[in-house]
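# Structural description and commentary
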Amino acid sequence: MDNIYERSPLDMLRQFAVHLDAELMESHGATKLTFDNKFGRGTIRLYEMIPGLTAWIYDVTFVNEYKFNLLFSDQRPYYFGYNVKGHQLQKFLGEEEYREISQGQNFIIAGEPSKESEFVLPGGTKYECCYLIVNPVLLAKSRAKSKRRLASNLSDLFGSFEGDSSYRYFGNIDARTGTYARIIVRNKRTDVVGQLLTEGAVMNMLASQIEAHDHNNQTNSFQPNLTKKELSKLTNLGDYVQSNLNGKVTIEDISKHFGMSPKKLQTGMRFLYGYSVNEYISSLRMEFAKELIHSTDLSVSEVCYRVGYSSRSYFSKIFFDYFGVLPSSYKESHDNGTTLYEITYRSMANSTILEEDIEDLVTTARSMNPNFDITGCLIYHRKIFFQIIEGPKKDILQLYDNIHRDGRHSDVNIIYKGFKPKRHFADWSLALLSDKGLLRTKAEGNTNEIDLGPLVGDIQNGAMVSESLWKKVRNVLLANAESRL
């Protein structure tokens, strides 16, 4: 049985990736685990709606039952779940019998800190499930106006969960919640449009589960007065709006484009996204504005005009309402390096490289990186360099540019790059996976205790350059680093 330590949802997914020997693709706000091996096949996806609210989505078929043991933390998050297809089993530490959570059943679980719960996912059959992971500690810190109503709606429910003991609620079969859960599970898009579709369904699913919990009875099936074809059309609305973002997009334009009345359009949008049409368009503009700030050097004024606003002051007001920070401050925090950035790469050492070259590389890194608040981890194994560097974005980009031009290696391949919420390596550390007796460089910190041998020790030389292999190595390193924070 695999042990999963309850930390952030992303770190928990990394632990699953290690246990299932799976690929992990991370992007801004969305992460996807994929496996097709002896364990089975399928995906587990994450969407972070806001800090403190994450959708965790199973779409898997295991060969045999998959059992894991969840060790609860003192953060005490709550797991709102719904089985779209298939069932699962659950029991807390000390219980003799598993309890079944049936297909179509609402459930809520929270664990006593430092205690455990076993879960069993079915084997030999497709399993689809959506968990909404709610961390009230993080949720309370959100300043975004559009999310405050969520915290307000949850406050009464959290009030009934007071205390440190474990909590479990298994509700009745609930068709209305299932309508939203199916949208979440079966929406495969990971871009901004897909994230908004998922976000709308998540908010509606959570509201439906709270309502079902309060009434403690089966809710009625809910479906708007639209055909499946019409609802399917509306899932493409984001693409239409995106292609017209720099201009004015009206309800009349959209109604004409999709061939349905404004009333049906509004009804369908409320059902799918939880927004009116105008609210949805504003959400899409804001998400793209944030993405432009992340990925370009455009000024705030340029971003404002690019996403279709003519007034910078109005754009700033809407941005603040959505994200709790002014766009100028948000851009400054990224440009001036107050947010963490990571680059992970794999490269091939030149055939003439000597131990002295490695010693020089390590010595230079350990003397220079503290000056720029850069930390990370370096591996040298069978003529391959693998490095994770984290710190202020501008300094990380400059360091990587220097690394890329270093003549001691070639075939530099980026495994991952992007912002990260926290630092994984407190000191500059060197994890050594070297050929026997090749290196005598002292390893700082505890990274030399990480056992990567089973993962790469027997790999054929030709496969050592595989990007997928080093993605798995990254997962192992970060999961182990997380356990020491």
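Residues numbered from 1 in each chain as written. Predicted model: local features only at pLDDT ≥ 70, side-chain atom pairs only at ≥ 80, totals over all residues. Heavy atoms only, no water.

### A few points about the sheet that holds strand E1 (residues 2-5)
Spatial strand order, E1-E6-E11-E8-E9: five strands in an open sheet with mixed pairing. With partners counted over all chains shown, the strands left at the sheet margins are E1 and strand E9 (99-101), one partner each. Pairwise comparison of adjacent strand axes, ignoring direction, gives a mean angle of 30° for this sheet. In the sheet, strand E8 (residues 88-92) pairs with strand E11 (residues 116-121) via four bridges, with the strands oriented antiparallel. Bridging from a neighbouring strand, Gln90 pairs with Phe119 of E11. Lying over the sheet, helix H1 (residues 9-19) contacts E1 and strand E6 (66-71), oriented at roughly 160° with respect to E1. (Pairing = 2+ DSSP bridges. Helix = DSSP H or I, 4+ residues; strand = E, 2+ residues; numbered from the N terminus. Axes fitted to C-alpha atoms, helices over the stretch in contact; angles between N-to-C directions. Contact = heavy atoms within 4.5 Å.)

### Focus on the confidence of the model for the chain
Averaged over the chain, the pLDDT score is 81; the fraction of residues at 70 or greater is 82%. Counting contacts from residues 445-449, a segment whose pLDDT is below 50, to residues more than four positions away or on other chains yields nine contacts. (pLDDT = per-residue confidence, 0-100.)

### Points about the environment of Lys38
Relative to the helices and strands, Lys38 resides in the loop between strand E3 (30-37) and strand E4 (40-50). Placed 17 residues apart in sequence, Lys38 and Asp21 show a C-alpha to C-alpha distance of 9.3 Å.

### Section: helix H15 (residues 393-404)
Over its 12 residues, H15 extends 16 Å from the first C-alpha to the last, a length consistent with the 16 Å expected when each residue adds 1.5 Å. Listing the buried residues of H15 in full gives Lys393, Asp395, Ile396, Tyr400 and Ile403. Mapping the buried residues of H15 onto a view down its axis gives an arc of 160°, with all of them on the same face. Where the residues of H15 are buried, they touch helix H10 (277-295), helix H13 (327-335), strand E14 (340-349), strand E16 (384-392) and strand E17 (409-420). (Expected span 1.5 Å × (residues − 1). Buried < 20%, exposed > 50% of the residue type's maximum accessible area, 1.4 Å probe, protein only. Arc of directions from axis to C-beta.)

### What to know about helix H4 (residues 175-186)
The end-to-end C-alpha distance of H4 is 16 Å, a good match for the 16 Å that 12 residues give at a rise of 1.5 Å each. Listing the buried residues of H4 in full gives Thr177, Gly178, Thr179, Tyr180, Ala181, Ile183, Ile184 and Val185.

### Some details on the packing of aromatic side chains
For any pair of aromatic rings, geometry is given as the distance between the ring centres together with the angle between the planes. Summed over the entire model, instances satisfying the criterion amount to 23 aromatic pairs. Relative to Tyr131, the ring of Tyr58 has its centre 6.2 Å away and its plane inclined at 70°; by these criteria the two rings are edge-to-face. One end of the pair, Tyr58, is in strand E5 (residues 53-62); the other, Tyr131, is in strand E12 (residues 126-134), with 73 residues separating them in the sequence. The same class applies to Tyr58 and to Tyr131, which are both buried. (Phe/Tyr/Trp six-rings, centres within 6.5 Å; stacked < 30°, edge-to-face > 60°.)

### Comments concerning the environment of Phe119
Inspection of the secondary structure assignment puts Phe119 in strand E11. Distance from Phe119 to Phe92, taken between C-alpha atoms, is 9.0 Å for residues 27 residues apart in sequence.

### Some words on unusual backbone geometry
Of note, the phi angle at Asp21 is positive, near 55°, even though the residue is not glycine. As for its placement among the helices and strands, Asp21 is situated in the loop between H1 and strand E2 (23-27). Of note in this structure, Ser114 is not a glycine but carries a positive phi near 75°. Mapped onto the secondary structure, Ser114 falls in the loop between strand E10 (105-110) and E11.

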